[in-house]
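# Structural features, examined
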Amino acid sequence: MSEERGRLAAYWERQQERLDEVERKRALKLPTWRTRKRRRALSVLVLAGDLILIAGAVFYQTGQTGAFLVCWLGGGVVAGGAQYLLRILTGKMSGGFSMWLDEREREMRHRVTYVSYQILVGLMLLAVLYGLLVPGPKAGGAMMACALLITGTTVSAVILGWSLPDDDPEDFEGVSPA
């Protein structure tokens with residue numbers, strides 16, 4: 001039993017080291033982009049992409065397949081690309097383990113997570129009401145639920161991207177731009 005615990009502890013420690021190395025590499029990416037202005041622009045792009053996805057779900061419900069495909073693919077590319085960059089720029093606060101965060105970062109992350117969870121619950125309620133009340137194919141309700149779920153999962157990174165202050169330039173001295 002204790003041998004098994006030892007192996008599990010060693011495995012967990014290796015995983016933490018691997019994730020820590022990944023976070024270190026990500027933290028050095030895009031050092032010149034780490035300004036509030038850039039993060040806010042990406043936050044707006046994520047929200048715009050999310051709104052395009054929601055519009056695509058409405059087009060699906062009304063049977064406009066061409067508009068649906070353009071919106072769904074376009075919104076996915078815009079929201080997905082901006083979300084990827086925003087997660088890099090918000091760093092460990094949006095995706096790292098809590099033990100790697102200082103007290104201020106941990107508190108902000110908990111607040112943002114709570115707010116985004118509340119927004120996600122509201123969006124899922126809207127998705128249920130949309131599926132029940134809007135006439136048309138029921139798959140349209142599923143498409144709307146999917147679009148709203150994607151929107152809800154991006155909220156925490158958007159809030160962090162909008163509210164975090166500029167990074168300290170001294171943290172990136174000697175780092176070449178990626």
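Residues numbered from 1 in each chain as written. Predicted model: local features only at pLDDT ≥ 70, side-chain atom pairs only at ≥ 80, totals over all residues. Heavy atoms only, no water.

### Some thoughts on the overall build of the protein chain
Counted only if it meets this: Each helix is a run of DSSP H or I of at least 4 residues and each strand a run of E of at least 2, with the numbering of both proceeding from the N terminus. Relative accessibility under 20% of the residue-type maximum defines a buried residue, over 50% an exposed one, and the middle range a partly exposed one, all with a 1.4 Å probe and only protein chains included. In what follows, residue pairs with any heavy atoms lying within 4.5 Å of each other are defined as contacts.
For the protein chain, the count of helices and strands is six helices and zero strands. If you list the helices and strands of the protein chain from N to C, you get α-α-α-α-α-α. Put simply, the protein chain has 178 residues, and 31% of those count as buried. A separation of at least 24 residues holds for 75% of the contacts in the protein chain among residues at least 6 apart in sequence.

### A closer look at the packing of helix α5 (residues 103-133) against helix α6 (residues 138-163)
The test is simple: Every angle, taken between N-to-C directions, lies between 0 and 180 degrees, and every axis is a line fitted to C-alpha atoms, over only the stretch in contact when it is a helix. Comment on the angle field: the value is read as roughly parallel under 35 degrees, roughly antiparallel over 145, roughly perpendicular from 65 to 115, and oblique elsewhere. Crossing handedness: left-handed means the near helix sits turned counterclockwise from the far one by under a right angle, and right-handed means the same turn made clockwise. Only Asp, Glu, Lys and Arg are considered charged in this grouping, and only Ala, Val, Leu, Ile, Met, Phe, Trp, Tyr, Cys and Pro are considered nonpolar; every other residue, Gly among them, is considered polar.
For the pair α5 and α6, the least separation of the axes is 9 Å and the interaxial angle reads 160°. In terms of axis orientation, α5 runs roughly antiparallel to α6. As for how α5 packs across α6, the hand of that crossing is right-handed. Here the contact of α5 with α6 is composed, by residue class, of 18 nonpolar, nine polar and one charged.

### Things to note about the UniProt feature "transmembrane region" (unreviewed entry) in the protein chain
Counted only if it meets this: UniProt positions are given in the numbering used here, feature names are shortened, and annotations may be inferred rather than shown by experiment.
Under the UniProt annotation, the feature "transmembrane region" (unreviewed entry) is placed at residues 41-60, 66-86, 114-133 and 139-162. For the annotated span residues 66-86, helix accounts for 100% and strand for 0% of the residues, and the straight-line distance between the end C-alpha atoms is 30 Å. For residues 114-133, the helix share is 100%, the strand share is 0%, and the end-to-end C-alpha distance is 29 Å.

### Concerning helix α3 (residues 65-90)
Keep this limit in mind: By this rule, a helix spans an expected 1.5 Å times one less than how many residues it contains.
Look at α3: 36 Å from first C-alpha to last across 26 residues, which is about the 38 Å you get at 1.5 Å a residue. Listed as buried for α3 are F68, C71, W72, G75, A79, A82, Q83, L86, I88, L89 and T90.

### Some points on the nonpolar core
What counts, and what does not: Working definition of a nonpolar core: buried Ala, Val, Leu, Ile, Met, Phe, Trp, Tyr and Cys residues. They are joined through side-chain atoms within 4.5 Å.
In this structure, L53, A57, F68, W72, L123, A127, Y130, M143, M144, A147 and L148 together form the largest nonpolar core, which totals eleven residues. Secondary structure elements with two or more residues in this core: α2 (36-61), α3, α5 and α6. Here A147 is in contact with L53, I54, A57 and W72, once residues within four sequence places are set aside. Membership of the second largest hydrophobic core comes to nine residues, among which are L42, A82, I88 and L89.

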